[in-house]
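Given next are the chains, with one letter for each unit.
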Amino acid sequence: ILYLTILWITRSGLTGYNKNIQRGGESVGYLHMRINEMLEIQGKSKNTVCKELDIPRSNFNRYCRDEFQRIDANLVCKLCEYFNCGVGDLIEYMKD
């Protein structure tokens, strides 16, 4: 189910930033990437993660601020492997 959810989000072309997504005039919440929390827990810096995973810093910062339009499944897999966590530890659904 989670894979299908990520696939739907990736292919749906959501407009605007991730926050306050509207569907039928009603807010359905947003996805929160727990990257900052994982960095703090593991004592890693953004620079270190970006260099070790070969991720552009500007893209990484957008994920850290929850300002993404689509989720890159490859990036999620890289981050889960790097932080030794599951998708549910990295991505959290937030209600408004």
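Please refer to the structure higher up on the page.
Residues numbered from 1 in each chain as written. Predicted model: local features only at pLDDT ≥ 70, side-chain atom pairs only at ≥ 80, totals over all residues. Heavy atoms only, no water.

1. Observations concerning the pattern of salt bridges
Next up, step 1: For the structure shown, the criterion picks out two salt bridges.
Next up, step 2: A salt bridge links Glu92 to Arg34, with the shortest nitrogen-to-oxygen separation between them at 3.9 Å. Taken together, the residues span a long stretch of sequence, with Glu92 in strand β4 (residues 91-94) and Arg34 in the loop between β3 (30-33) and α2 (35-42) at a distance of 58 residues.
Next up, step 3: Looking at Glu92, the relative accessible area reads 33%, which means it is partly exposed.
Next up, step 4: With a closest N to O distance of 2.9 Å, Arg65 and Glu67 form a salt bridge.
Next up, step 5: For Arg65, a relative accessible area of 45% translates into the label partly exposed. (Salt bridge = Lys/Arg side-chain N within 4 Å of Asp/Glu carboxyl O. Helix = DSSP H or I, 4+ residues; strand = E, 2+ residues; numbered from the N terminus. Buried < 20%, exposed > 50% of the residue type's maximum accessible area, 1.4 Å probe, protein only.)

2. A short note on the side chain of His32
Next up, step 1: With respect to the helices and strands, the residue His32 is situated in strand β3.
Next up, step 2: Among the polar contacts made by the side chain of His32, one reaches the side chain of Glu37 at a distance of 2.9 Å.
Next up, step 3: For His32, the side chain forms a polar contact with the side chain of Asp66, separated by 2.6 Å. (Polar contact = N/O pair within 3.5 Å; in protein donor to acceptor, adjacent residues only side chain to side chain.)

3. Remarks on the packing of aromatic side chains
Next up, step 1: Applying the stated rule across the entire model yields two aromatic pairs.
Next up, step 2: Note on Tyr63 and Phe68: the rings are 5.2 Å apart at their centroids and 20° apart in plane angle, and the pair reads as stacked. Judged on exposure class, the residue Tyr63 and its partner Phe68 are both buried. (Phe/Tyr/Trp six-rings, centres within 6.5 Å; stacked < 30°, edge-to-face > 60°.)

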